[in-house]
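Each chain, written out:
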Amino acid sequence: MTEKMASEAASKSPLSPELLAKMDAYWRAANYLSVGQIYLKDNPLLERPLTLDDVKPRLLGHWGTTPGLNFLYVHWNRLIRERNLNMMYIIGPGHGGPGIVANTYLEGSYSEIYPHIELNKDGIKRLFRQFSWPYGIPSHVAPETPGSIHEGGELGYSLVHAYGAAFDNPDLIVACVVGDGEAETGPLATSWHGNKFLNPLTDGAVLPILHLNGYKIANPTILARIPHAELESLMRGYGYEPFTLEGDDPAVMHQQAAAVFDIMLDRIAAIQKAAREEGSTDRPAWPMLIMRTPKGWTGPKFVDGKPVEGTWRAHQVPLSEIFEKPEHLHMLDEWMRSYKPEELFNEKGHFREDLAEIAPKGKLRMGMNAHANGGLLLKPLKVPNFRDFAVKIEGRGQADVETTRVLGRLLHGVMEANKDQKNFRVFGPDETASNRLQDVITGTGKAWMAETLPVDENLSETGHVMEVLSEHMCQGWYEGYLLTGRHGFFSCYEAFIHIIDSMANQHAKWLKVTRGIPWRKPIASLNYLLSSLVWRQDHNGFSHQDPGFIDHLMNKKADVVRIYLPPDANTLLSVGDHCLRSRNYINLIVAGKQPAPQWLTIDEAIAHCTIGLGVWPWASNDEGNPDVVMACCGDVPTMETLAAVCTLREKVPDLRIRVVNVVDLMALQPTSEHPHGLPDEEFDQLFPVGTPVVFAFHGYPWLIHRLTYRRHNHDNIHVRGYKEEGTTTTPFDMCVLNNIDRFQLALDAIKRVPRLKPLAPAAEQWYSEAIQRHKLYVAENGDDLPEIKDWRWPKN
Ligand SMILES: Cc1ncc(C[n+]2csc(CCOP(=O)(O)OP(=O)(O)O)c2C)c(N)n1
Ligand SMILES: [Mg+2]
């Protein structure tokens, strides 16, 4: 904001004295209810002096950020009412939970959703008591909080969620509070760039508010300790028009906040008008607010002789020794009475009507905004018949196909089918084409509001493929988009998806908790495609080799997570179709992008994926009584297993081999552990007790043990997988380095089948020679042996 504008805002007094008084009283009510939640279990209206019996035994929660959040909520309420806005909130410092709970209570949405928290004295008492109470509500803004799509427990994702919510929601304004500590996180620091992807014509608006209360838990914040001009330049550099609101005198601050918000909302309206009515295609400088107010505003100024308000000491519970120090109890009493509760609530505990009336009504209340309960707005995704994209199988394993490219065609079909309802986006950190999904870009293009040059391809202001080199942004946008009732797909290099491990955790937690909240309607699943896999890193090496995201997700609740490793294109299509249609899960699909042999017809693929694992009869000769089960999961392990089977056929023609392929990793678990789990009897039929199993797995081998340890035949399951051996080398050498190659698998089978014991020494000899030959050839020629590279499953 220029100095001229600042003084213009300061000189304006948009609030009448009555409205100002009401807004201030409303704010006091929210602050009162916030403090009450942190401290009290009784005496909710302070009808008598506080005693220790009124105070919770464990004082848990965060005061510092809360009064600032409450201040903003009251001002947003005015904007919503006066301008009839469709506005939702996102609170970065989600630890300010009591404030948002207080506000949704005051506006009435809380009691509508939770009728036992009545709008009276009993209700207030319950509201206080439940907060941070065992089996009550969490101390943070959470899935339980009306109007929230954001937890805020783990800092850093508010702004990226806000942009995700705003995409394709042209009528929505997402008011987003960014904590000044939160602003130091990597994800938040890059989230500002969301404005290079937000189109004022077709998307909604994000209203970022940097909550510059100066402190984190125990330290000052960087942005509060740089010159103001430098901070403004930073925001300008990010492409925003910064406005500032600074002070601590409530009366002055209300008037200034109203003035500055009026200007900012006018700016948003003007930007949208220019794009929507005047045909402007410029990237606008959207307004953002720097709000510099004291941490713990209106709370105790000094405690035990030390400054609290306006310092880091206000972060959590400013008076924490209530039970040890009588003066603390007295100060709490004084502090709560400073909000004049008797002027705010009548003796029955009803919020004063003339104050309640300044909140928006009905669906305009932020606690009731349907976008924040995305399942309410969810329109089913239109998915074309995936069979139309099937790869024709003319001989098993004969055609080399880039598996993910086939999925890209399906995704393109999905993009086209949902063009009109604009509710599907594909996210990726600059890897959509690299992962061979480029067909999805055709037609829609990649979203881009920044400058373009003739050399650029497929950039579009209305693109629905989102590419930015930040896995955090991809994940965060996608979450925001999903949680507001839309659909999407995220493709990423397998090794680098770990960057968002923690965000995936948080989303899994969100999904788990919402299962128990009936008013939260199911949302579309979060779908990951991991490609550029550990086994095929042609340009890259060790840095790009890590299949551990599977293990990471395995730790999540079984009813939230699904993990699929389709071995070829037709199984990938079937899995992809299933995932795109599913609800409330995190689906992980792991599939390679390099040309690879194709095994199953589309009908076989569908049947195979429906059960999740099964015998491949065309590759087996066990006649119902195998000597060995050769199991495989993942595309490269499947190929190595089948090559090993060919070798075994040559070496030990009478060996009865059963090939079992696993697509749905969760099917390996007992039914007691996962809904996809195969019943023990069926598992025992596939893997008969006493029969050795040589299992080739895409990821870390111990995971298969973890999944099958309760199975009757577990002692006979011998797993090969990635064991952290990697470098820039040939595809087959990667397998050799990790002992998952065809020679090793064949040797394993011979060594594990008791009746083949006598063959073991010769087999060892053969194995060493084969590996030696491979090593020498690779070292000399820089490529795999022709018989390895050109290996094909024999034509029947
Ligand atoms: C990613 C992450 N790291 C650390 C924390 C622990 N933590 C909770 S609150 C907080 C300080 C937050 O400061 P700020 O964003 O300025 O919020 P406010 O001052 O408004 O409370 C920290 C470090 C966290 N919640 N998330
Ligand atoms: Mg702060």
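Structure first, text after, so check above.
Described below are features of the structure shown in this document. (Residues numbered from 1 in each chain as written. Chains lettered and ligands numbered in written order. Predicted model: local features only at pLDDT ≥ 70, side-chain atom pairs only at ≥ 80, totals over all residues. Heavy atoms only, no water.)

## Here we look at the overall build of the protein chain
- Check the secondary structure of the protein chain and you find 26 helices and 22 strands.
- The C-alpha radius of gyration of the protein chain comes to 30 Å, within 12% of the 28 Å expected for a compact globule of 796 residues.
- Counting only C-alpha atoms and orienting by the principal axes, one finds that the protein chain spans roughly 95 × 65 × 45 Å.
- Of all 796 residues assigned to the protein chain, the portion counted as buried reaches 63%.
- In the protein chain, the proportion of contacts linking residues at least 24 apart, taken out of those at least 6 apart, comes to 78%.
- Carbon and sulfur atoms provide 52% of the accessible area of the protein chain, an area that totals close to 29100 Å².
- If the 80 positive side-chain charges of the protein chain are averaged to one point and the 98 negative ones to another, these points end up 3 Å apart. (Helix = DSSP H or I, 4+ residues; strand = E, 2+ residues; numbered from the N terminus. Rg over C-alpha atoms; globule rule 2.2 N^0.38 Å. Buried < 20%, exposed > 50% of the residue type's maximum accessible area, 1.4 Å probe, protein only. Contact = heavy atoms within 4.5 Å. Areas by Shrake-Rupley, 256 points an atom, 1.4 Å probe, with all protein chains shown as cover. Lys, Arg positive; Asp, Glu negative; His and termini not counted. Charge placed at Lys NZ, Arg CZ, Asp CG, Glu CD.)

## Points about the coordination of the magnesium ion (ligand 2)
- Around the magnesium ion (ligand 2), the protein contributes the donor atoms Asp 180 (OD), Asn 213 (OD1) and Tyr 215 (O), at 2.0 to 2.2 Å from the metal centre.
- Binding-site remark: the magnesium ion (ligand 2) is held by donors from one chain whose sequence spacing is D-x32-N-x1-Y. One end of the pair, Asp 180, is in the loop between strand S2 (172-179) and helix H8 (186-191); the other, Asn 213, is in the loop between strand S3 (205-212) and helix H9 (228-237), and 33 residues separate them in sequence. The pair formed by Asp 180 and Asn 213 is uniform in burial state, with each residue classed as buried. (Donors = N, O, S within 2.8 Å, 3.2 Å for Na, K, Ca; no water.)

## A closer look at the nonpolar core
- By size, the foremost hydrophobic cluster in this structure holds 183 residues, and its most contacted members are Tyr 39, Trp 76, Leu 332, Leu 665 and Phe 695.
- Ranked by residue count, the leading element in this core is helix H2 (residues 17-39), at 13 residues.
- Setting aside residues no more than four positions away along its own chain, Tyr 39 makes contact with Asp 54, Val 55, Lys 56, Leu 59, Val 317, Pro 318, Leu 319, Ile 322, Leu 332 and Trp 335.
- Core analysis: the next-biggest nonpolar cluster, separate from the first, contains 48 residues, Val 736, Ala 746, Ala 763 and Leu 785 among them. (Core = buried A, V, L, I, M, F, W, Y, C linked by side-chain atoms within 4.5 Å.)

## Concerning the site of ligand 1
- Taken together, 16 residues are adjacent to ligand 1, and His 95, Gly 153, Asp 180, Gly 181 and Lys 295 come closest.
- At a separation of 2.7 Å, an oxygen atom of ligand 1 approaches a polar side-chain atom of Thr 65.
- One nitrogen or oxygen atom from the main chain of Tyr 215 is found 2.8 Å from an oxygen atom belonging to ligand 1.
- Burial of ligand 1 by the protein amounts to 74% of the accessible area it has alone, namely 590 Å². (Near = heavy atom within 4 Å. Polar contact = N/O pair within 3.5 Å; in protein donor to acceptor, adjacent residues only side chain to side chain.)

## Re the sheet that holds strand S21 (residues 693-697)
- Within the open sheet, the five strands sit side by side as S18-S20-S19-S21-S22. Their pairing is mixed. Each of the sheet's edge strands pairs with one partner strand only, and the pair in question is strand S18 (613-615) and strand S22 (717-720). Pairs of neighbouring strands in the sheet enclose a mean axial angle of 20 degrees, with direction left out of account.
- Pairing between strand S19 (residues 628-633) and strand S20 (residues 657-662): five bridges, direction parallel. Across the sheet, residue Met 630 finds its bridge partner in S20, namely Val 659.
- With respect to the sheet, helix H20 (residues 635-651) is in contact with S19, S20 and S21, its orientation differing from that of S19 by roughly 155 degrees. (Pairing = 2+ DSSP bridges. Axes fitted to C-alpha atoms, helices over the stretch in contact; angles between N-to-C directions.)

## A word on the state of the cysteines
- A full pass over the atoms with the stated rule returns zero disulfides.
- Here Cys 609 stays free of any disulfide, with the sulfur of Cys 579 as its closest cysteine sulfur at 9.6 Å.
- Overall, Cys 609 belongs to the buried group, its relative accessible area being 15%. (Disulfide = S-S within 2.5 Å.)

## A word on helix H15 (residues 471-483)
- Taking 1.5 Å per residue, 13 residues should reach 18 Å; H15 reaches 18 Å between its end C-alpha atoms and fits that length.
- Burial of H15 is extensive: 12 of the 13 residues sit out of reach of the surface.
- If you check which residues of H15 are buried, you get Glu 471, Met 473, Cys 474, Gln 475, Gly 476, Trp 477, Tyr 478, Glu 479, Gly 480, Tyr 481, Leu 482 and Leu 483.
- A positive backbone phi angle near 90 degrees is found at Gly 485, which sits one or two residues after H15. (Expected span 1.5 Å × (residues − 1).)

## Focus: the sheet that holds strand S5 (residues 287-292)
- An order of S1-S2-S3-S5-S4 is seen for the five strands of this open sheet, with the pairing classed as parallel. This sheet does not close on itself; its edge strands, each paired only once, are strand S1 (86-91) and strand S4 (241-246). Strand-to-strand, the axes of this sheet are offset by a mean angle of 20 degrees, without reference to chain direction.
- Summarising the sheet, S2 and S3 pair through seven bridges and their orientation is parallel. When the bridges of S3 are listed, Ile 173 appears paired with Ala 205.
- Strands in contact with H9 are S3, S4 and S5; relative to S5, the strand with the most contacts, it is inclined by about 155 degrees.

## Some points on the pairing of S2
- Where burial is concerned, most of S2 is hidden: eight out of the eight residues are buried.
- Burial of S2 is two-sided: the residues Leu 172, Val 174, Cys 176 and Val 178 facing one way and the residues Ile 173, Ala 175, Val 177 and Gly 179 facing the other way are all buried.
- Examined bridge by bridge, S1 and S2 share six bridges and lie parallel to one another. Counterpart to Met 88 in the pairing with S2 is Val 174.

## Let's talk about the pattern of salt bridges
- Tallied over the full model, the rule gives 43 salt bridges.
- One salt bridge connects Glu 416 with Lys 419, and the closest N-O pair in it is separated by 3.4 Å.
- When its relative accessible area of 33% is taken as the criterion, Glu 416 is described as partly exposed.
- On the basis of relative accessibility, which here comes to 44%, the residue Lys 419 falls in the partly exposed class.
- The salt bridge involving Glu 467 is made with Lys 446; its shortest N-O contact spans 4.0 Å. With a gap of 21 residues between them, Glu 467 in strand S12 (residues 465-467) and Lys 446 in strand S10 (residues 446-447) connect regions that are remote in the sequence. Per residue, the accessibility class of Glu 467 equals that of Lys 446, and both read buried.
- Look at the salt bridges and you will find they share partners, linking Arg 78, Glu 82, Arg 83, Asp 262 and Asp 266 into a network. (Salt bridge = Lys/Arg side-chain N within 4 Å of Asp/Glu carboxyl O.)

Note that all results are geometric; they support no functional claim without further evidence.
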